[in-house]
Amino acid sequence: MAASHDLASDRASILGPTLRFKGELSAAEDLLIHGKVEGSVGPAPRVTIGPEAHVRAGVNADVIIVEGRVEGDLKAQVSITVRPKANVRGNLEAPVIHIAEGATFNGGIKMEPAATGSNSTSARGHDVNVFRTGTAN
């Protein structure tokens, strides 16, 4: 069974493929973006950038999943996942970052443990999976 942050929530705002948005976009519910967004996205609990989406914005959320194209910095409090065929040009900042084989990524990565009330220093706050795509341009 998938974790609750791996599936789209019942309480999500869906921005369809014909949507063109320019400005500041934030929400108390999850965002699923299929269209084109320019400006800033977040804060939001979860932002999913669909396979046909093109986002030219900084994105700030608890969880960020990229399946499409992003030009901008991504900052997540929990995790960032860049799926196969995704294209990200910008910096990633989160305690956990996954970049799948087949994804294109050009930028920097900053990983620090999530802020918690405990003084524990767990290495799990530094999980990263990065695979080279094997394609050179």
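Not measured: the values here are computed from a predicted model.

Conventions used here
- Residues numbered from 1 in each chain as written.
- Predicted model: local features only at pLDDT ≥ 70, side-chain atom pairs only at ≥ 80, totals over all residues.
- Heavy atoms only, no water.
- Core = buried A, V, L, I, M, F, W, Y, C linked by side-chain atoms within 4.5 Å.
- Buried < 20%, exposed > 50% of the residue type's maximum accessible area, 1.4 Å probe, protein only.
- Helix = DSSP H or I, 4+ residues; strand = E, 2+ residues; numbered from the N terminus.
- Contact = heavy atoms within 4.5 Å.

Q: I'd like to hear about the nonpolar core, residue by residue, with values.
A: As a rule of thumb, nonpolar side chains are buried together in soluble globular proteins. Judged by nonpolar contacts, the single largest core of 29 residues is most densely connected at Val 47, Leu 74 and Ile 80. Breaking this core down by element, the ones donating at least two residues are β3 (30-33), β4 (36-49), β5 (54-66), β7 (74-82) and β10 (96-99). Take this core: its biggest share by element is six residues, from β5. Contacts of Ile 80, omitting those with residues within four sequence positions, involve Ile 64, Leu 74, Lys 75, Leu 92, Glu 93, Ala 94, Val 96, Ile 97 and His 98.

Q: How would you sum up unusual backbone geometry? Please name residues and give values.
A: Glycine aside, a negative phi is what most residues show, and trans is what most peptide bonds show. Between Gly 42 and Pro 43 the backbone carries a cis peptide bond, its omega angle lying at 10°. Residue position: Pro 43 is located in strand β4. In this model, Lys 85 sits at a positive phi of 75°, which is unusual for a non-glycine residue. Structurally, Lys 85 is set in the loop between β7 and β8 (87-89). Judged by its relative accessible area of 77%, Lys 85 falls in the exposed class.

In short, shape yes, function no, at least from these values alone.
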